Amino acid sequence: MQIFQGFSPGFERRIHLTKLNPVQLKRVRFLGRLGTIARGIIFALIGVFIVMAAYTANSQQIKGFDSTLTYILQQPYGGFLMAVIALGLISLGLYSLCMSIFFRLKN
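Remember, predicted model here, so these are calculated numbers, not experimental data.

Chemist: An account of the overall build of the protein is requested, with residue identities and associated values reported.
Modeler: In terms of helices and strands, the protein carries four helices and two strands. Element order for the protein, N to C, with α for helix and β for strand: α-β-α-α-α-β. For the protein, buried positions account for 29% of its 107 residues. Within the protein, residue pairs in contact and separated by at least 24 positions form 66% of the contacts whose partners lie at least 6 positions apart. Element-wise, carbon and sulfur atoms account for 67% of the exposed surface of the protein, whose accessible area totals about 7,500 Å².

Chemist: Run through the packing of helix 2 (residues 22-56) against helix 4 (residues 78-102), naming residues and quoting values.
Modeler: For the pair helix 2 and helix 4, the least separation of the axes is 7 Å and the interaxial angle reads 130°. The orientation of helix 2 with respect to helix 4, classified from their angle, is oblique. In this structure, helix 2 meets helix 4 at a crossing whose hand is left-handed. Residues V28, L31, G32, L34, G35, T36, A38, R39, I41 and I42 of helix 2 form the contact with helix 4, whose participating residues are I85, G88, L89, S91, L92, L94, Y95 and C98. Residues belonging to the contact of helix 2 with helix 4 are distributed by class as follows: twelve nonpolar, five polar and one charged.

Chemist: So what's going on with the packing of aromatic side chains? Which residues, and what values?
Modeler: Where two aromatic rings form a pair, the distance of their centres and the angle of their planes describe that pair. One pass over the structure, following the stated rule, counts one aromatic pair. Judged by centre distance (5.0 Å) and plane angle (85°), the ring pair of F49 and Y71 falls under edge-to-face. Placement of F49 in helix 2 and of Y71 in helix 3 (residues 65-73) is noted, with a sequence separation of 22 residues between them. Residue class for F49 comes out buried when judged on its relative accessible area of 5%. Its relative accessible area of 32% is what places Y71 among the partly exposed residues.

Chemist: Describe the side chain of T68, and please don't skip the residues or the numbers.
Modeler: Within the secondary structure, T68 sits in helix 3. Leaving out residues up to four positions away in the same chain, T68 has contacts with I42, L45, I46, F49 and K63.

Calculation notes
- Residues numbered from 1 in each chain as written.
- Predicted model: local features only at pLDDT ≥ 70, side-chain atom pairs only at ≥ 80, totals over all residues.
- Heavy atoms only, no water.
- Helix = DSSP H or I, 4+ residues; strand = E, 2+ residues; numbered from the N terminus.
- Buried < 20%, exposed > 50% of the residue type's maximum accessible area, 1.4 Å probe, protein only.
- Contact = heavy atoms within 4.5 Å.
- Areas by Shrake-Rupley, 256 points an atom, 1.4 Å probe, with all protein chains shown as cover.
- Axes fitted to C-alpha atoms, helices over the stretch in contact; angles between N-to-C directions.
- Parallel < 35°, antiparallel > 145°, perpendicular 65-115°, else oblique.
- Left-handed = near helix turned anticlockwise from the far one by under 90°.
- Nonpolar A, V, L, I, M, F, W, Y, C, P; charged D, E, K, R; others polar.
- Phe/Tyr/Trp six-rings, centres within 6.5 Å; stacked < 30°, edge-to-face > 60°.

Structure below.
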């Protein structure tokens, strides 16, 4: 769901960021989209691990957030994939910081 939310054209319809010019607003929204997509990828992988554990009836296959990141790192091109996911999660953090400073709800 979060992956689709990051790609959707209506991202942040009800959110108004005050004191930002249009260029800054575009950059903040880009950070939000990128971060939401990265978080969605991690949550989707966690969901895959939960489904695999349920299918095999082996609760040892369930992975949390940190185990999922370790799994990504162990894959071919894992360093590159981890760098992309890390940049996405960093952008989510920057987006959250901007939201905490400039956030106002639209009426």
